[in-house]
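Descriptive analysis of the structure
Spelled out from the first residue to the last, the chains are:
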Amino acid sequence: MTSSTTDTSWLGWLIDAVISLMDIIGPIGAGIAIALENLFPPLPSEAILPMAGIAAHDGAFGLWEAVAWTTLGSLVGALALYGLGAWLGLDRLRRIAHRLPLVDVSDVDRTVAWFRRHGGKAVFFGRFVPIFRSLISIPAGVARMPLWRFAALTTAGSLIWNTAFILCGWFLGSGWHIVEQYVDVVQNVVIVVVAVTVVVLVTIRIRSLRAKRGRDTASETSDTPTDELPVSSGR
């Protein structure tokens, strides 16, 4: 499989790198790329997976090999982040949150409590959401979701996601260059949306902290005893 892209963007460079990796070590290269995508979310699986499908279409390896190795890569990357969350643990994460300027310890407690209620759905459906599919593995480790359940849900969600995009590459074949430019646009839109969301959340958090600080100051003022003035009696 040879690269036909002349794109000089970071996505074009990445596509060329993944193609070269698959040329050298076959579908294992696609699996490694997807594992790295889990650890570094800005890497777009939406571009990597169709490349594996095109390689399978060109006969470099079998379609089932592309699906199997990329799904294994997804699982390995997710398990690495799960391990990070388990190593951090709730107590250590609370201590870290206490030192961060815009994070409250109660935020960590609420997040972990939410995950314990909805963790299964979050892990499975999170595999279909860029960036979130990587980050969700950390609270799974912190909450100590049973490893077998986490692995099963991650594998199931990743299998669906990976297969869909690999099949896109498979059916498009040499016509991938027609839609290649749009993948870059979609990925950049996702990054912008995430960046805007972060800015909005930080702004809301700052306002919340200021409001809380104002309430605490008002409460301290109202609780401060005042000297009683003598009451004079007039004749």
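Scroll up a little and you will see the structure.
Before going into details, it helps to say that this report is about the structure given with it. Keep in mind it's a predicted model, so treat the numbers as computed, not measured.

**Structural notes on the overall build of the protein**
- Counting its regular elements, the protein contains nine helices and zero strands.
- When the elements of the protein are put in sequence order from the N terminus, they spell out α-α-α-α-α-α-α-α-α.
- Residue burial in the protein is summarised as follows: out of 235 residues, 39% are buried.
- Sequence separation of at least 24 residues holds for 75% of the intrachain contacts in the protein that already meet a minimum separation of 6.
- As displayed, the protein offers around 13,700 Å² of accessible surface, 67% of which is attributable to carbon and sulfur atoms.

**Regarding the packing of helix 4 (residues 63-99) against helix 5 (residues 105-126)**
- Two elements in contact, helix 4 and helix 5, have axes whose closest approach is 8 Å; the angle formed by their N-to-C orientations is 145 degrees. Of the two elements, helix 4 crosses helix 5, and the hand of that crossing is right-handed. Here helix 4 contributes L90, L93, R94, A97 and H98 to the contact with helix 5, which in turn contributes V105, V108, D109 and V112.
- Looking at side-chain class alone, the contact of helix 4 with helix 5 contains six nonpolar, one polar and two charged residues.

**Comments concerning the nonpolar core**
- Judged by nonpolar contacts, the single largest core of 18 residues is most densely connected at M22, A52, F61 and I166.
- Those elements that provide at least two residues to this core are helix 1 (10-25), helix 2 (27-39), helix 3 (45-57), helix 4 and helix 8 (147-172).
- It is helix 3 that provides the largest number of residues to this core, a total of seven residues.

**A closer look at the packing of aromatic side chains**
- Tallied over the entire structure, the rule returns six aromatic pairs.
- Among the aromatic residues, those joined into a cluster by ring pairs are F124, F125, F128, W161 and F165.
- Above the plane of the ring of W87 lies R92, whose end atom (NZ or CZ) is 4.4 Å from the centre.

**Overview of unusual backbone geometry**
- Even without a glycine there, the phi angle at R144 is positive, about 55 degrees.
- Under the relative-accessibility criterion, R144 is labelled exposed at 53%.

What counts and how
Residues numbered from 1 in each chain as written. Predicted model: local features only at pLDDT ≥ 70, side-chain atom pairs only at ≥ 80, totals over all residues. Heavy atoms only, no water. Helix = DSSP H or I, 4+ residues; strand = E, 2+ residues; numbered from the N terminus. Buried < 20%, exposed > 50% of the residue type's maximum accessible area, 1.4 Å probe, protein only. Contact = heavy atoms within 4.5 Å. Areas by Shrake-Rupley, 256 points an atom, 1.4 Å probe, with all protein chains shown as cover. Axes fitted to C-alpha atoms, helices over the stretch in contact; angles between N-to-C directions. Left-handed = near helix turned anticlockwise from the far one by under 90°. Nonpolar A, V, L, I, M, F, W, Y, C, P; charged D, E, K, R; others polar. Core = buried A, V, L, I, M, F, W, Y, C linked by side-chain atoms within 4.5 Å. Phe/Tyr/Trp six-rings, centres within 6.5 Å; stacked < 30°, edge-to-face > 60°. Lys NZ or Arg CZ within 6 Å of the ring centre and 35° of its normal.

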